[in-house]
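One letter stands for each residue in the lines below.
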Amino acid sequence: MTDRGTDRGTDRGTDRDFEVFRDAHGIPHLRASDEPSLLHAQGRTTALDRAWQLEVERHRSQGSTAAFLGPEAVDWDVFARRVRLDDTARRCFEALDADTAAWVRAYVDGVNEGLPLGAARDPRFADTGLVPTPWEPWVPLGIWLSAHILFAGFPTKLWRERVARVLGEEAVDLFATDGPGTSGSNGWLVPGDRTATGAAIIAGDPHRFIEDPGIYQQIRLSCPEYDVVGIAVPGVPGLAHFGHTGSAAWAITNAMADYHDLYTEELHRAGEDGPGCTVTARGADGTPEPVARHTETIAVRGAEDVTVEVLETARGPVVVRAGEDGATADLSLRYPPRVRADLGFAVLPALLRARTVGDIDRALDGWAEPVNVVHAADTEGGLLHRVAGAVPLRDPAGRLRPVPGWDPRYAWQGWAETTEEPVQGFAVMANARGIASPFGVEFAPPHRANRIRELLSGSADWTAPDMAGVHRDTHLASAAPLLALLPDLDGLSPEAAALRDRLLGWDRHMAADCTEATLFAAFRTAVTRRIAADPVFAGLAGPPTGPSVLHAWQFLVPKTGYALEGLLTTHLLPELDRPAHVRAALEETAKATAGTPDTPWSEVHRLAPWQAVPDPEATWPGLGGDHDCVNATSSVPGVTDLTARASAARYVWDLARREDSLWVVPLGADGVPGTPHHRDQLPLWAQGALVPVVTDWNQLTKEYA
C-alpha cells in the first residue's frame, strides 16, 4: 500500500490542465481550466482514492464479481446478467446527446488513467488477484443502474402475491410498513424567514446500506463555468443528488415510487438447449411471441464456471425462472431505463451549471432513474419541492403484484406528469406519503417526517450548526402502539410488572446510552417472533422464492418486525391474540434480563457495514437511533440489533454563506484501509457531528503543481 503523495506533481502524460487540493479530512477539491479537464480530474482522483471500490462496482454492474470474490458472489452476478444491467447501460450511453456523451467520456478517461495508480495503493487487488482493466464509456451508467435497480422495490410484489394467496386479497397490503427496505432518506428545507441569516438552509441524510468504502464521496468541482461542492457517487461523474453551486443548492430523497413491473410469462421451448434452442412467450392474442435468448458464462474464483441463460420477452428480461429456488412462474421485469434507453444523465452537467432554483427545476424535467423528491433553494429566495423521474402510466394492479404479460390491460401507456408543491413553512421529505403519493404503494410511516416538523417548529432563527441536533434525534414514535398494550395486561409476574413499569416510564428515545432502549428492543424482538410464529401466518413462514438477491423482501420475521405497528392495530386477522403474544413476550424478556446488568443501547446496536472482502479484525462503533428515528440506524426487529443501514452521508447547505455549510460521511475520503483518511470521519459520524465545507482555496493543501 502506498500513500497518494507518491503520485503528486504535474499531470504528466495528459494534456489536461487541473489541480487537486485537499482539506484536513482529505476531501478532494478539484480546479481545472475547462470542464473536460475537470471531469478528467474527477475520474482520475476518484480512481486514485477508491480504485478498489470502483472496480468492485464496475464488476457488479457487469455481473462478473465472482471472478475475484468467489462463489458467494455468483447469485448477484446471475441476477445482473439476467436483468441486463451492462447492456442497458450501453444502450443508455449510446442514446446520449453528443455533448453529454463526451462529458461522461472525459470522466472515464480520467478513471482509466488513475486506476493503475490507485490499484497499486490497495492490497486487496493482490489479495484477490483482481487486475483493473480499462473502462468502457458506459460503465458509469452501469454503476448507477446497479446501485438503483432494487430501489423501486419490485421484489415486494413477490411478497404481496404470497400474502394474497395465503390470507386473501383484502390482506395484500397487510405488511405495508413502508419499512426500511434498501433506501430512504430525510430531507428538510428551512426558508429564509425561519433562519438567523434570512437565507434558506437545506439539510438531510440519505439512508443506504453502509459500505466500506463509503458509497458517497465528498468533493468540490471548480472550473471557469462553475464552482460546486457536493456529494458524488464514486464511479459516476458530477453530483447527482446533493450539491451547492454557491447561489443555488439541491438535495433529494427516495420518492418511494413504484415504477418497475413484474410480468408473469408463459414460455415455451423448442429444441435442445444450445444454439438451436428457441423460446417463445404467450402473446396478447394468444399467438407465440419471440423471446431473445443467449447464454453467458460467469467465471468463479476457486470453482467451476457458471452458465447463465438470458431471456428477454417483449416486456423485459426474465429475472425469475420457474422451478428455480421454489419459484412457480417465469417473471419478466419491465423497468424504465430498459424501455426508454435513458437514465437522465444529461441532467448532471446542467445541475453543475445551475444558478437558480429555476435552473435546477428545468434540468430535473429530464431526470429518469431513480424517482426522487427534490428540495432546492437559491440566494434570491427561490424554493422548490418537487418529484423528478420516470413513472409509467399503467393499470394499478401492476403496482401491487405480478400481472399477466399476455394481457394488454397491463401494458404501459406513457409516462406520468410529476408533481410539485409550493413551500409553505418548512418543507420535509422523509419517504412518507405526501407529494409523491400518486406514484407509489408503500411509503415510510409518518414518524420521521412528523418529528422533523416538530423539531423545526421549535425555532424561527435556525443556523447551519443547529441542524446537527435534528440529524441526531432518536425519538421513536413507532413504539407507541406496542407500549399502549402494556397497561391493560394483568396477571404478570413481579419481574414482568417491573419491566412494564420501566418501559412505560421510558422517554422513547433510542439514545446510545439508554438502557431502556435496549430493553424495548429485546421486548420488540420477542413480540415480533411470537406474532410471526402465530398459526395465522403459517403459510407465510416458508423460505422465500426466486433468486436469493430478492429474498430480503420475503422473510416473514423481518416483514413482521417492520410492520409491527400496523399488525398490532389492524382490524384484519381478528383471530390473532395480540395481548397474549405481548404478555408472553414481556414475561420472556423479563426472565431473560433478570439479574443481568443494564446494557446501553449502543453496546448491542453496532454498525455492521458491508465489505466486499470482510475484515474480521475490524471494529465498528455503537450507535443511537433506530429505523423510525430521524437518526435512522436500522436494525432488523426480530432478527438483530446490529445496523447495516443508516445515514450514508449528512449534509447542511447554507444559502447565506456556502462556507458555513457542513457535511460528514460514515467512513472517510480515502477508500484504502489503513490510510489516515479511510475512517477519520467515522467517530464524528457516529456521534452525529458534522465537519465544515471548506471553500477558501488558501485553507487547502495543494497536491498538483
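Residues numbered from 1 in each chain as written. Predicted model: local features only at pLDDT ≥ 70, side-chain atom pairs only at ≥ 80, totals over all residues. Heavy atoms only, no water.

Time to look at the overall build of the chain. Summing up its helical and strand segments, the chain has 22 helices and 25 strands in all. Here the C-alpha coordinates of the chain stretch approximately 80 × 70 × 50 Å along the principal axes. For the chain, buried positions account for 61% of its 705 residues. Here the analysis covers contacts within the chain between residues at least 6 apart in sequence; of these, 70% occur between residues at least 24 apart. (Helix = DSSP H or I, 4+ residues; strand = E, 2+ residues; numbered from the N terminus. Buried < 20%, exposed > 50% of the residue type's maximum accessible area, 1.4 Å probe, protein only. Contact = heavy atoms within 4.5 Å.)

Next up on the list: the packing of aromatic side chains. Scanning the model with the defined rule gives 14 aromatic pairs in all. Between Trp-144 and Phe-345, the aromatic rings sit 6.3 Å apart at their centres with planes inclined by 80 degrees, giving edge-to-face as the arrangement. Here Trp-144 is found in helix α7 (residues 139-148), whereas its partner Phe-345 is found in the loop between α9 (336-340) and α10 (347-352), with 201 residues between them in sequence. The burial state of Trp-144 is the same as that of Phe-345; both residues are buried. Of the aromatic side chains, those joined through ring pairs into one cluster are Tyr-216, Phe-242, Tyr-651, Trp-653 and Trp-663. Stacked on the ring of Trp-76, the Lys or Arg Arg-60 has its end atom at 4.1 Å from the ring centre. In this structure, Arg-220 is placed above the aromatic ring of Trp-697, and the distance from its NZ or CZ to the ring centre is 3.9 Å. (Phe/Tyr/Trp six-rings, centres within 6.5 Å; stacked < 30°, edge-to-face > 60°. Lys NZ or Arg CZ within 6 Å of the ring centre and 35° of its normal.)

Before going further, it helps to examine the pattern of salt bridges. Tallied over the entire structure, the rule returns 51 salt bridges. The residue Glu-312 makes a salt bridge to Arg-84 at a minimum N-O spacing of 3.4 Å. Within this pair, whereas Glu-312 is found in strand β13 (residues 306-312), its partner Arg-84 is found in the loop between α3 (74-83) and α4 (85-94), the two being separated by 228 residues in sequence. For the pair shown, Glu-312 and Arg-84 are each scored as buried. Residue Asp-122 is joined to Arg-124 by a salt bridge in which the shortest nitrogen-to-oxygen separation is 2.7 Å. The exposure class of Asp-122 is buried, given its relative accessible area of 4%. When salt bridges with common partners are traced through the structure, they connect Arg-84, Asp-87, Arg-90, Arg-91, Glu-94, Glu-312 and Arg-338 into a single cluster. (Salt bridge = Lys/Arg side-chain N within 4 Å of Asp/Glu carboxyl O.)

Okay, the sheet that holds strand β11 (residues 278-282) next. In space, the 4 strands of this open sheet follow the order β10-β11-β12-β13, with antiparallel pairing throughout. Each edge of the open sheet carries a strand with a single partner, namely β10 (267-270) and β13. For this sheet the average axis-to-axis angle between neighbouring strands, irrespective of direction, equals 30 degrees. In this sheet, β11 lies alongside β10 in antiparallel orientation, the contact comprising 4 bridges. (Pairing = 2+ DSSP bridges. Axes fitted to C-alpha atoms, helices over the stretch in contact; angles between N-to-C directions.)

What follows concerns the side chain of Glu-35. Summarising the element assignment, Glu-35 is placed in helix α1 (residues 35-62). A polar atom in the side chain of Glu-35 sits 2.7 Å from the side chain of Tyr-226. (Polar contact = N/O pair within 3.5 Å; in protein donor to acceptor, adjacent residues only side chain to side chain.)

Pairing is mixed in the open sheet, where 4 strands are placed in the order β14-β15-β9-β18. Looking along the sheet, the strands with just one partner apiece sit at the ends: β14 (318-320) and β18 (403-404). Note: strand β9 (residues 261-265) against β18, 2 bridges, orientation parallel. Of the residues in β18, the one forming a bridge with Tyr-263 is Val-403.

This brings us to the packing of α1 against α7. The geometry of α1 relative to α7 is characterised by a closest axis approach of 8 Å and an angle of 75 degrees between their N-to-C directions. Considering their axes alone, α1 and α7 lie roughly perpendicular with respect to each other. Touching Leu-54, Glu-57, Arg-58, Arg-60, Ser-61 and Gln-62 of α1 are Val-139, Gly-142, Ile-143 and Ser-146, all from α7. Here the residues of the contact of α1 with α7 are counted per class, giving 3 nonpolar, 4 polar and 3 charged. (Parallel < 35°, antiparallel > 145°, perpendicular 65-115°, else oblique. Nonpolar A, V, L, I, M, F, W, Y, C, P; charged D, E, K, R; others polar.)

Next up on the list: the side chain of Glu-312. The exposure class of Glu-312 is buried, given its relative accessible area of 13%. A polar atom in the side chain of Glu-312 sits 3.4 Å from the side chain of Arg-84. Once you skip the residues sitting within four places of it in the chain, Glu-312 turns out to touch Arg-84, Val-291, Ala-292, Pro-317, Val-318 and Arg-338.

Looking at the chain as a whole, its pLDDT mean stands at 93, while 96% of the residues score no less than 70. Across residues 5-14, where pLDDT falls below 50, the model places 21 contacts with residues more than four positions away in sequence or in other chains. Here residues 178-182 is a poorly scored stretch, pLDDT under 50, and it has 18 contacts once near neighbours within four places are set aside; other chains count. (pLDDT = per-residue confidence, 0-100.)

Moving on, we come to α3. By the criterion of burial, α3 is predominantly enclosed, with 9 of the 10 residues buried. Just downstream of α3, Arg-84 is the residue with a positive phi angle, here 65 degrees.

To continue, consider the packing of α1 against helix α5 (residues 98-121). It is at 6 Å that the axes of α1 and α5 come closest, and there the two elements cross at 40 degrees. By the angle class used here, α1 and α5 are oblique. For the pair α1 and α5, the crossing hand works out as right-handed. Here the contact of α1 with α5 is composed, by residue class, of 13 nonpolar, 7 polar and 7 charged. (Left-handed = near helix turned anticlockwise from the far one by under 90°.)

This paragraph deals with unusual backbone geometry. The linkage connecting Asp-212 with the following residue, Pro-213, adopts the cis geometry, with an omega of 5 degrees. By the element assignment, Pro-213 lies in the loop between β4 (201-209) and β5 (217-223). Here the bond from Glu-369 into Pro-370 is cis, since omega is -5 degrees, no more than 30 degrees from zero. Here Pro-370 is to be found in the loop between α11 (357-364) and β16 (372-378). We note that Met-256 has phi near 60 degrees; this positive angle belongs to a residue other than glycine. Secondary-structure assignment places Met-256 in the loop between β8 (248-254) and β9. Look at Met-256 and you get buried, because its relative accessible area is 15%.

Within the secondary structure, Val-190 sits in strand β3 (residues 184-190). If near-sequence neighbours (up to four positions away) are discounted, Val-190 is found in contact with Thr-195, Ala-200, Ile-201, Phe-426, Leu-456 and Trp-462.

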